[in-house]
Amino acid sequence: MMLLSPERRAWLSPLMHLYWRFSRGMTLGVRGCVVDAEGRILLVRHSYTPGWHFPGGGVETGQTVEEALAVELREEAHVAMTGAPVFCGLYLNALTSPRDHVVLFRVAAFEQTSPFVPTREILEAAFFPRDALPDGVTRGTRERIAELFEGRPRSPYW
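Worth saying up front: this structure is predicted, and the values here are computed from it rather than measured.

A. Up close: the overall build of the protein chain. When helices and strands are tallied, the protein chain shows three helices and nine strands. For the protein chain, buried positions account for 41% of its 158 residues. Sequence separation of 24 or more characterises 66% of the internal contacts of the protein chain that already satisfy a separation of 6 or more. Carbon and sulfur atoms form 56% of the exposed surface of the protein chain, whose accessible area is close to 8,500 Å².

Below, the structure written as structure tokens:
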């Protein structure tokens with residue numbers, strides 16, 4: 001099930017960020033690079049924006065980044081952290097908005113509580129080998145994978 005057709009998705013993200021620009025001084029998001037025992041990476045595909053991404057989402061008022069990560073992993077991919085996530089970096093996501101920042105964590109201690117079922121928000125969630133990523137992985141996600149696993153210097157920009 002798709003919330004919006006691919007042709008109509010492009011206008012939704014800027015509208016959401018326009019709303020957030022006036023409702024929040026700065027936006028903060030969190031993403032999790034979830035890596036299973038075989039070294040595969042969890043990626044999700046949303047209904048409202050193109051490409052494959054690390055699971056994650058916005059940090060709400062009064063919520064820690066770790067709490068937001070736990071909620072997003074559970075909601076998007078039925079993943080429950082069983083150990084502390086490892087902080088990997090804080091990035092300015094200037095392509096989305098000059099106010100948007102993303103905190104990235106690596107998650108290795110987790111369990112999948114149930115099989116993934118598509119929702120109105122998340123169309124697909126799956127683990128992929130690093131050498132066989134699906135078509136459409138976003139540039140920011142690819143760059144973070146290169147930083148985490150290939151020794152590329154960390155950029156301050158998503």
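Having seen the structure, we can now continue with the description.
B. Local environment of helix H2 (residues 65-77). For H2, which comprises 13 residues, the first-to-last C-alpha distance of 18 Å matches the rise-based estimate of 18 Å (1.5 Å per residue) to within 8%. Restricting attention to buried positions, one finds in H2 the residues Val-65, Ala-68, Leu-69, Glu-72, Leu-73, Glu-76 and Ala-77. Within H2, the buried residues cover an arc of 130° as seen down the axis, which keeps them to one side.

C. Up close: unusual backbone geometry. The backbone phi angle of His-78 is positive, close to 60°, even though this residue is not glycine. Its place among the elements puts His-78 in the loop between H2 and strand E5 (79-81).

D. Broad picture of the nonpolar core. Within the largest apolar cluster, 18 residues are counted, with the highest numbers of intra-cluster contacts made by Val-34 and Leu-42. Contributions of two or more residues to this core are made by strand E1 (27-34), strand E2 (41-46), H2, strand E7 (100-107) and strand E9 (122-128). Here this core gets five residues from one element, more than from any other, and that element is H2. Leaving out residues up to four positions away in the same chain, Leu-42 has contacts with Val-34, His-53, Phe-54, Pro-55, Ala-77, Val-79, Ala-125, Ala-126 and Phe-127.

E. Up close: the sheet that holds E7. A sheet is described by the order of its strands in space; here four strands give the open sequence E4-E1-E7-E6, paired in mixed fashion. The sheet terminates laterally at strand E4 (56-58) and strand E6 (86-92), the two strands that pair on one side only. Adjacent strand axes in the sheet meet at a mean angle of 20° when their direction is disregarded. Bridge analysis of E1 against E7 gives eight bridges, and the strand direction is parallel. From the neighbouring strand, Arg-31 faces E7, where its bridge partner is Leu-104. Contacts between H2 and the sheet are confined to E1, E4 and E7, with E1 contributing the most and set at about 60° to the helix. Those strands touched by helix H3 (residues 139-149) are E1, E6 and E7, and its axis lies near 45° from that of E7.

Quick notes on the rules
Per-chain numbering applies: the sequence of each chain, read as written, is numbered from 1 onward. Residue-level local features of this predicted model are given only where pLDDT is at least 70; pairs of side-chain atoms are given and counted only at 80 or more, and the full residue set underlies all totals for whole chains, interfaces and linings. Each side-chain value is derived from all of the structure's non-hydrogen atoms; neither hydrogens nor water enter the calculation. Each helix is a run of H or I in the DSSP string that is no shorter than four residues. Each strand is a run of E no shorter than two, and both are numbered from the N terminus. Burial classes: relative accessible area under 20% of the type maximum marks a residue as buried, over 50% as exposed, and values in between as partly exposed (1.4 Å probe, protein chains only). Contact between two residues is taken to exist if any of their heavy atoms lie within 4.5 Å; hydrogens are not considered. Exposure was quantified through the Shrake-Rupley algorithm and a 1.4 Å probe, taking into account, for residues, occlusion by the shown protein chains and nothing else. In this analysis, the expected span of each helix is defined as 1.5 Å times one less than the number of residues it contains. It is the directions from the helix axis to the C-beta atoms that the arc portrays. In these notes, a set of buried Ala, Val, Leu, Ile, Met, Phe, Trp, Tyr and Cys residues joined through side-chain atoms within 4.5 Å is what counts as a nonpolar core. Two strands pair under a simple rule: DSSP has to find at least two bridges between them. Interaxial angle, 0 to 180 degrees, is taken between N-to-C directions of lines fitted to C-alpha atoms, where a helix line uses only the stretch in contact.

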